[in-house]
Structure formats: structure tokens, C-alpha cells
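The primary structure of each chain is shown beneath.
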Amino acid sequence: MRVRNYGVALAAVAVASMTLAGCSEKKDDTIADKDKLIVGVKYDQPGLGLKSGSGAEGFDVDVAKAIAKKMGVDEKNVTFKEAKSANRESFIANGTVDMVIATYSITAARKPKVTFGGPYIVTHQDIMVRADDSSIKDLASLKGKKLCAVSGSNSWKNITDGTNKLSQKVQMETVPAQGYDDCITKLKGGAVDVVSTDATILAGYAGREGSSVKVVNAPFTDEKYGVGIKKGDTKGCEAVNKAIADLYKDGTMKTAWDKWFGKANLPFDANQPQAEGCS
Ligand code: GLU
């Protein structure tokens, strides 16, 4: 009798723990319910995501911390991990990170693989050249020049495929690179003539490099920066979108922008960009 009672008690414990396990498994299905978050950010882009000590710093890093806080996750429970342009989709799909906040444009090509919260900011693609190069003034004048092509980035394709506001396909010689820091080295060394990407990214390098390089200031795309999360996590995406709306309302987004881009001539648009939707 006693033994049988133990059996019943054990079965009850087993059922209870299975239920608990079931709950916690379900809890982890969406980033909305997590109490710790791993965020993929760039580690080599000054002003946006730059490795610093054991963590990272920049606008994207501050946005990540602020979004996490609005979602109930304290800064000390946010871990940063280096994401490169080429591994953002795979990091999200295989769970290496919970979200990617890494100058990650929302594009039609990426949408089938990634659910995007946001955009949290809109920037525009521009052109950087060596300071003594007066031959490049706009998109059309890039023809025949050597363009830095970062793997997994959409920037060079916006030029060579014509996915820009002018619908201009410009033929250029592409030189592969691992990231934009690598592109700047190649630009200064003469391996490429042009680094073309988001104005935010170029502003960060222009600030670091001083007088050796210049930004042409001829923007030709809209880049909507999104928060990349696992495909189908609608609840997580909605939580991110609510957080972004709050960050516009309470002024946090403007404060973060001014902190990192106040010195560069990049204006902040006080109107929150229209959310893309989570489906
Ligand atoms: N925002 C662009 C993109 O998502 C260029 C910058 C980058 O590659 O991180 O492709």
C-alpha cells in the first residue's frame, strides 16, 4: 500500500515536471518571454557596433539595450555577439542569437528567411572615396571603378543590380571583402576606389579616418534598419515593435541617435518610420 502510494506520488511529480518542462519550452518559442537575450551586432563599425572591452558600443548596441529593457530584460542580461553581414540570417535561423541589430536592412530578399521588427531608423546609401578623388560625384560616375563588395551585404548589389531610387544599373568591378572595416583598408590602400553603403556606416568611418577619405553626399536608396528575429516569431516581433514605438515616444531613440551621429551631419527624423508588420 505504502509502495503504491509512493508510485502515485512519483507519477504526480513526473507529470508536474513534464508540465513545467512543457511550459518552459513554449516560453522559449518567442523572444517576447525570454529573461535573457543574445543580440548579434557588428564589431567593426564605429558609431553602430564596435567591440569595446568585453562588450560592444554604438547606436545599434544602445538600441538593442533599450529594446531589451522595454521587453523586461535588464542590460546585464543582454549578451552581445559579433554578427557579420554574411552570417546574420544563419545566426537567426540556428539560434546562435535571439535577435540581430546590425545595420540590417529589411529587404524583400531577406523577408522569406527572417521576421523583422521595425524599422527603428531609415538611412540612405551613399558613396565614400579617397579624399583626393574628384572623379566620383554620384551614382553614374561610378562606372568602371573598383567597388568594395561585402559578402552578405546588399549595398554593392544596389549599384550593380540597379535596386536604387534612380533604377540605374552601374557596371563596376567588384572586389570581395569580409566587412566594411576591411573595405576602408582597401580604399586607403588603393585595392578599391569606392566604398558605398549606408550613410550611418560611412559617417562612423569618416569620423575615425579624418581627412584621408570623404563622403560624396549623393544618397540613392532608403535603408530601413530592422530587428531580425526567427522567422514566424510574431509575438516577439510585436513586442519589439511596441518597444520601438515607446522609444520614439519617450525620446530615447533621438537621444541615442544624437549621441552617436550628432557630430556627423545626419539629421534625425522625429517621426517613427512606418512599421513593416510582423507577418
Ligand atoms: N544595411 C545594408 C545591409 O543590410 C548594408 C550594411 C550591412 O551589410 O550591414 O546589407
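Residues numbered from 1 in each chain as written. Predicted model: local features only at pLDDT ≥ 70, side-chain atom pairs only at ≥ 80, totals over all residues. Heavy atoms only, no water.

J.: Provide a residue-level description of the sheet that holds strand β3 (residues 49–52), including the pertinent values.
T.: Whenever strands of a sheet pair, they do so through backbone hydrogen bonds, lying parallel or antiparallel. Strand order in the open sheet formed by 3 strands is β2-β3-β4, and the pairing between neighbours is antiparallel. For this open sheet the edge positions go to β2 (44–45) and β4 (55–57), each flanked by a neighbour on one side alone. Examined bridge by bridge, β2 and β3 share 2 bridges and lie antiparallel to one another. From the neighbouring strand, Asp44 faces β3, where its bridge partner is Leu50. (Pairing = 2+ DSSP bridges. Helix = DSSP H or I, 4+ residues; strand = E, 2+ residues; numbered from the N terminus.)

J.: Pulling in residues and values, what's your account of the state of the cysteines?
T.: Scanning all chains against the criterion turns up 2 disulfides. The disulfide partner of Cys148 is Cys183, and the S-S distance across this bridge is 2.1 Å. Looking along the S-S bond of the Cys148-Cys183 disulfide, the torsion reads about -85°, which is the left-handed sense. With a gap of 35 residues between them, Cys148 in strand β9 (residues 146–150) and Cys183 in helix α5 (residues 180–189) connect regions that are remote in the sequence. Each member of the pair, Cys148 as well as Cys183, is classed as buried. Bridging Cys237 to Cys278, the disulfide has an S-S length of 2.1 Å. The chirality of the disulfide connecting Cys237 with Cys278 is left-handed, given an S-S dihedral of about -80°. Remark: Cys278 occurs in the segment after α8 (252–261) and Cys237 occurs in helix α7 (residues 234–249); sequence separation between them is 41 residues. Given a relative accessible area of 11%, Cys278 falls into the buried group. (Disulfide = S-S within 2.5 Å. Buried < 20%, exposed > 50% of the residue type's maximum accessible area, 1.4 Å probe, protein only.)

J.: Tell me about the sheet that holds strand β8 (residues 125–130), and name the residues and values.
T.: Here we have 3 strands laid out as an open sheet, ordered β11-β8-β12, and antiparallel in their pairing. Lying at the two open borders of the sheet, with one neighbouring strand each, are β11 (195–198) and β12 (213–215). Sheet twist, expressed as the average angle between the axes of neighbouring strands with direction ignored, equals 30°. This element, α5, spans β8, β11 and β12 of the sheet and lies at about 150° to β11. With respect to the sheet, helix α6 (residues 199–209) is in contact with β8, β11 and β12, its orientation differing from that of β11 by roughly 120°. (Axes fitted to C-alpha atoms, helices over the stretch in contact; angles between N-to-C directions. Contact = heavy atoms within 4.5 Å.)

J.: So what's going on with α6? Which residues, and what values?
T.: Burial runs high along α6: 8 of the 11 residues are buried. Taken together, the buried positions of α6 are Ala199, Thr200, Ile201, Leu202, Ala203, Gly204, Tyr205 and Glu209. Gly210 lies just past α6 and shows a positive phi near 70°.

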